[in-house]
Structure formats: C-alpha cells, structure tokens
Amino acid sequence: METQDDLPLDGAIIILMLEKSEASKLEFELQQLGADVRAGTAKGHAAQLTRLLAPYAVVVDPEFDPTVAEELRIAARDVDVTFIQYAQDGFGHEGGIRISRAEPLSAVVEAILGLAAG
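Residues numbered from 1 in each chain as written. Predicted model: local features only at pLDDT ≥ 70, side-chain atom pairs only at ≥ 80, totals over all residues. Heavy atoms only, no water.

(A) Representation of the nonpolar core in the model. If you look at the biggest cluster of nonpolar residues, it comprises 20 residues, and the most contacted ones within it are Ile13, Ile15, Leu26, Leu30, Val59 and Ile112. For this core, the secondary structure elements donating two or more residues are β1 (12-16), α1 (20-32), β3 (57-60), β4 (82-87) and α4 (106-117). Counting residues per element, this core draws most heavily on α4, at five residues. Beyond its immediate chain neighbours, meaning those up to four positions away, Leu30 contacts Leu9, Ile13, Ile15, Ala35, Val37, Val109 and Ile112. Within the second largest apolar cluster, twelve residues are counted, among which are Leu16, Leu49, Leu72 and Val81. (Core = buried A, V, L, I, M, F, W, Y, C linked by side-chain atoms within 4.5 Å. Buried < 20%, exposed > 50% of the residue type's maximum accessible area, 1.4 Å probe, protein only. Helix = DSSP H or I, 4+ residues; strand = E, 2+ residues; numbered from the N terminus. Contact = heavy atoms within 4.5 Å.)

(B) Representation of the pattern of salt bridges. Under the definition given, this model contains six salt bridges. Residue Glu22 pairs with Arg101 through a salt bridge whose shortest N-O separation is 2.8 Å. Of the two residues, Glu22 sits in helix α1 while Arg101 sits in the loop between β5 (97-100) and α4, which places them 79 residues apart along the sequence. Relative accessible area serves as the criterion here: at 16%, Glu22 is assigned to the buried category. (Salt bridge = Lys/Arg side-chain N within 4 Å of Asp/Glu carboxyl O.)

(C) Broad picture of the pairing of β1. Of all five residues making up β1, five are buried, and the element is well covered by its neighbours. Of the two faces of β1, the one lined by Ala12, Ile14 and Leu16 and the one lined by Ile13 and Ile15 are each fully buried. Inspection of the sheet shows β1 paired to strand β2 (residues 36-39) by four bridges, in the parallel sense. For Ile15, the partnering residue across the bridge sits in β2 and is Ala39. Handedness of the crossover joining β1 and β2 through α1: right-handed. As judged from the four bridges shared by β1 and β3, these two strands associate in the parallel manner. In the strand pairing of β3, Ile15 is matched with Val59. (Pairing = 2+ DSSP bridges. Right-handed = clockwise from strand over helix to strand, strands pointing away.)

(D) Up close: the sheet that holds β2. Reading across the sheet, the five strands line up as β2-β1-β3-β4-β5 and stay open at both edges, with parallel pairing between neighbours. Because the sheet does not close on itself, it has two edges, and the strands there are β2 and β5. Direction aside, neighbouring strands of the sheet carry axes that sit 20° apart on average. In this fold α1 packs onto β1, β2, β3 and β4, with an angle of close to 170° to the strand it touches most, β1. (Axes fitted to C-alpha atoms, helices over the stretch in contact; angles between N-to-C directions.)

(E) How the structure looks around the packing of α1 against α4. Two elements in contact, α1 and α4, have axes separated by 10 Å at closest approach and are oriented at 35°. Crossing handedness for the pair α1 and α4: right-handed. Each of Leu26, Glu29 and Leu30 in α1 lies in contact with α4, whose residues at this interface are Val108, Val109 and Ile112. When grouped by side-chain class, the residues that make up the contact of α1 with α4 number five nonpolar, no polar and one charged. (Left-handed = near helix turned anticlockwise from the far one by under 90°. Nonpolar A, V, L, I, M, F, W, Y, C, P; charged D, E, K, R; others polar.)

All quantities given are derived from atomic positions and should not be read as evidence of function.
And the structure:
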C-alpha cells in the first residue's frame, strides 16, 4: 500500500487559474502525487498566502488577473518559490517557468515533478 512517504510531492502548491475546471483537474492530479494544493485562492490573499506558506510552487494563469499574477510572481521570488505560468503564448510576466496553454495540463504536472526530482 502506498503511503504519503512514497509519493513524489510534499508541501503546498498554490494554483490560481481562470478556468475553474482546469484548476480542479490540476488540483486533483497534484493531490494524487502528495501535494497540499490550495486552488482557487481568493485574489486578494494569494500573495500573502504564498509568503506565509512558502509553497513548493505557484501555478498561475496570468489571464486570471494580470495584477494578481504579478503580485504572486513577486511573492514567489521573495520566498524563493518556483513560479509557473500556464499562459497563452505572448501573455504573462517575465520570470519563472512558462508553459504554453497549447500544451496539456499534464505539462504543468511534469514540470513540477521535474523540480521535485531535482
């Protein structure tokens, strides 16, 4: 039987995405891998939560709210957290890992697993 110690991810991951169905799918996949996922975080508290939890990664769709995405990018940088943007080509902020929305959500999971592997 698989235990929490056998799972590849631990720690928190924050997800803030425009499409609730995508956020839910990503949340489920990451939870199955052992992550404590905070999805659909209220816009006004996402950067504060990032600084408080210092999660493993922050996954953002910058189209959700470009100002909040920038606040999250800065908060992630401040606490040395990986910032992942899942965005339309040509949209988003400098820094972090950019994954095109042309890629499936599994590309986000693979990027996080790659970070965990080291």
